[in-house]
Amino acid sequence: MTAIKHLSPSFKAKYKAWFDAQTADNKALRLRLATEGQTPPAMIIACCDSRLPSSELFGGETGSSFLYRNIANLVPPAGGTPHCETAAAVEYAVKALKVSHIIVLGHSQCGGVQGC
């Protein structure tokens, strides 16, 4: 845990504020999701870009979406790459979590897209 000492004071303060704001209901929800499992209605495939607040765009409540982030929100074609973590995440979302929607969330000025 010594690595946290190297984070900026504002980063640590924001985490502490979030942690201190947790209510008994928040804690009970996370415990229920951990014991009973998650059932989010949607999977969001988003870019890693720090400017994209993907959880906040759709409400951001705990358990409300299954979020997967990668560079430029890339999703390879089916059958293309046999050992692709994106494919594994999609398969898990569909087969295990039974999500009913998959949202591929892009954004403007994406460095990953520009790099391709």
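A brief structural summary. (Residues numbered from 1 in each chain as written. Predicted model: local features only at pLDDT ≥ 70, side-chain atom pairs only at ≥ 80, totals over all residues. Heavy atoms only, no water.)

1. Focus: the packing of aromatic side chains
Here comes step 1: The full count for this structure, using the stated rule, is three aromatic pairs.
Here comes step 2: With centroids separated by 5.9 Å and ring planes inclined at 35°, the aromatic side chains of Y15 and W18 adopt a geometry described as tilted. A residue pair is termed a helical-turn pair when its members lie 3 or 4 positions apart in one helix, as Y15 and W18 do in helix α1 (residues 9-20) at three residues.
Here comes step 3: Three or more aromatic residues joined by ring pairs form one cluster here, namely Y15, W18 and F19. (Phe/Tyr/Trp six-rings, centres within 6.5 Å; stacked < 30°, edge-to-face > 60°. Helix = DSSP H or I, 4+ residues; strand = E, 2+ residues; numbered from the N terminus.)

2. Describing the sheet that holds strand β1 (residues 42-47)
Here comes step 1: The sheet built from three strands is open, its strands ordered β2-β1-β3 with parallel pairing. The open sheet has two free edges, formed respectively by β2 (65-70) and β3 (101-105), since each of these has just one partner strand. Between one strand axis and the next, the sheet turns by 15° as a mean value, whatever way the strands run.
Here comes step 2: Here β1 pairs with β3 via five bridges, running parallel. (Pairing = 2+ DSSP bridges. Axes fitted to C-alpha atoms, helices over the stretch in contact; angles between N-to-C directions.)

3. Examining the pairing of β1
Every regular strand shows the same layout, with side chains that alternate between the two sheet faces.
Here comes step 1: In terms of residue burial, β1 counts as a mostly covered element, since six of its six residues are buried.
Here comes step 2: Bridge count between β1 and β2: six bridges; the pairing is parallel. Bridge pairing links M43 to F66 in β2. (Buried < 20%, exposed > 50% of the residue type's maximum accessible area, 1.4 Å probe, protein only.)

4. Some words on helix α2 (residues 24-36)
Here comes step 1: With 13 residues, α2 should cover 18 Å at 1.5 Å per step; its first-to-last C-alpha distance of 18 Å lies within 8% of that length.
Here comes step 2: Count one or two residues on from α2 and you reach G37, which has phi positive near 95°. (Expected span 1.5 Å × (residues − 1).)

5. Observations regarding the side chain of N73
Here comes step 1: Locating N73 in the fold gives a position in the loop between β2 and α4 (85-96).
Here comes step 2: For N73, a relative accessible area of 12% gives the class buried.
Here comes step 3: Those residues in contact with N73 that lie beyond four places of it in its chain are I45, A46, C47, V104, L105 and G106. (Contact = heavy atoms within 4.5 Å.)

6. Some remarks on the nonpolar core
Here comes step 1: Listed in full, the eight residues of the largest apolar core are M43, I45, F66, Y68, A89, A93, L97 and V99.
Here comes step 2: Beyond its immediate chain neighbours, meaning those up to four positions away, Y68 contacts M43, I44, I45, A46, E85, T86 and A89. (Core = buried A, V, L, I, M, F, W, Y, C linked by side-chain atoms within 4.5 Å.)

7. As for the pattern of salt bridges
Opposite charge on two side chains allows them to pair when their charged atoms are near.
Here comes step 1: Tallying each qualifying case throughout the model produces four salt bridges.
Here comes step 2: Linking D49 and R51 is a salt bridge whose minimum nitrogen-to-oxygen distance equals 2.5 Å. (Salt bridge = Lys/Arg side-chain N within 4 Å of Asp/Glu carboxyl O.)

8. So, the side chain of Q22
Here comes step 1: By secondary structure assignment, the location of Q22 is in the loop between α1 and α2.
Here comes step 2: The class of Q22 is buried, set by a relative accessible area of 15%.
Here comes step 3: Here R30 takes part through its side chain, which lies 2.8 Å from a polar atom of the side chain of Q22.
Here comes step 4: Those residues in contact with Q22 that lie beyond four places of it in its chain are K27 and R30. (Polar contact = N/O pair within 3.5 Å; in protein donor to acceptor, adjacent residues only side chain to side chain.)

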